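Topology and contacts: notes
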Amino acid sequence: AQTVTQSQPEMSVQEAETVTLSCTYDTSESNYYLFWYKQPPSRQMILVIRQEAYKQQNATENRFSVNFQKAAKSFSLKISDSQLGDTAMYFCAFQSSSGGGADGLTFGKGTHLIIQP
Amino acid sequence: DAGVIQSPRHEVTEMGQEVTLRCKPISGHNSLFWYRQTMMRGLELLIYFNNNVPIDDSGMPEDRFSAKMPNASFSTLKIQPSEPRDSAVYFCASKRQGYDTEAFFGQGTRLTVV
């Protein structure tokens, strides 16, 4: 079974700063997907960014980028020019490829990110 | 599309009562998932369906929990009888088949059992 670990329960940074959220995972599979989800106080789960394990190039989405280190089984999220609206819980998640994607996500416990004005 | 629709948004019930949570997936999505979120355990996968068929219910905590998907546009998660420790946010999510497709989540149902 896969496990996902987020070692930072809470982080706080000033607006406009850059912040990096950590995530490590454990799997014996060679191909899989990794995701970062954002959960604001509204409770809605919003996909921020995703990375396929076979792709060496790190994914980027505007101010969000990842540092994917497959050998180290590490998948960190970098938020540049942080904004007040980035305040939320952030979850790292693993998707196995073995079930054709029909099985579910394995989530980390989350990091509560607070952006201070 | 309206997205994944869950009802109710909030449910407060007394211990011992039956609770039914409902989910309408996005049209065309053939995989459906039920997750539970608590402070202690985070987000846990309870059960998932593929083409309306339950594939893995190993995450269902007890026999008090059951889930059905009678057709492609509707699923229910039932707890009978409910207990205070069942209090949590329950999410439904759906996706198209394929491991590279995105799962879309509903707004969740906050269940409080008193």
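1. Concerning the interface of chain A and chain B
Facing 23 residues of chain A, the contacting portion of chain B comprises 29 residues. Across the chain A-chain B interface, the total number found is 0 salt bridges. The interface formed by chain A and chain B contains 7 residue pairs in polar contact (both at pLDDT 80 or more). For the side of chain A that touches chain B, the elements supplying multiple residues, two or more each, are β5 (32–39), β6 (46–52), β10 (88–96) and β11 (105–107) of chain A. Considering only residue class, the side of chain A that touches chain B consists of 8 nonpolar, 10 polar and 5 charged.

2. Structural notes on the nonpolar core
Counting 26 residues, the largest nonpolar core has L21, Y25, W36, F75, L77, Y90 and L113 of chain A as its most contacted members. If you list the elements that add at least two residues to this core, you get β2 (10–14), β3 (19–21), β5, β6, β8 (64–69), β9 (74–79), β10 and β12 (111–116) of chain A. Ranked by the residues each element gives to this core, the list is headed by β10 of chain A, at 4 residues. L21 of chain A has contacts with Q8, M11, W36, S76, L77, Y90, T111 and L113 of chain A, leaving out every residue within four places of it along the chain. By size, the runner-up hydrophobic cluster in this structure holds 21 residues, among which are V19, W34, I79 and C92 of chain B.

3. Concerning the pairing of strand β9 (residues 88–95) of chain B
Residues and elements named next belong to chain B. Most of β9 is tucked away: 8 of the 8 residues are buried. Of the two faces of β9, both are covered, the one formed by A88, Y90, C92 and S94 as well as the one formed by V89, F91, A93 and K95. The pairing of strand β4 (residues 31–38) with β9 spans 7 bridges and is antiparallel. From the neighbouring strand, R36 faces β9, where its bridge partner is Y90.

So, how was this worked out
Residues numbered from 1 in each chain as written. Chains lettered and ligands numbered in written order. Predicted model: local features only at pLDDT ≥ 70, side-chain atom pairs only at ≥ 80, totals over all residues. Heavy atoms only, no water. Contact = heavy atoms within 4.5 Å. Salt bridge = Lys/Arg side-chain N within 4 Å of Asp/Glu carboxyl O. Polar contact = N/O pair within 3.5 Å; in protein donor to acceptor, adjacent residues only side chain to side chain. Helix = DSSP H or I, 4+ residues; strand = E, 2+ residues; numbered from the N terminus. Nonpolar A, V, L, I, M, F, W, Y, C, P; charged D, E, K, R; others polar. Core = buried A, V, L, I, M, F, W, Y, C linked by side-chain atoms within 4.5 Å. Buried < 20%, exposed > 50% of the residue type's maximum accessible area, 1.4 Å probe, protein only. Pairing = 2+ DSSP bridges.

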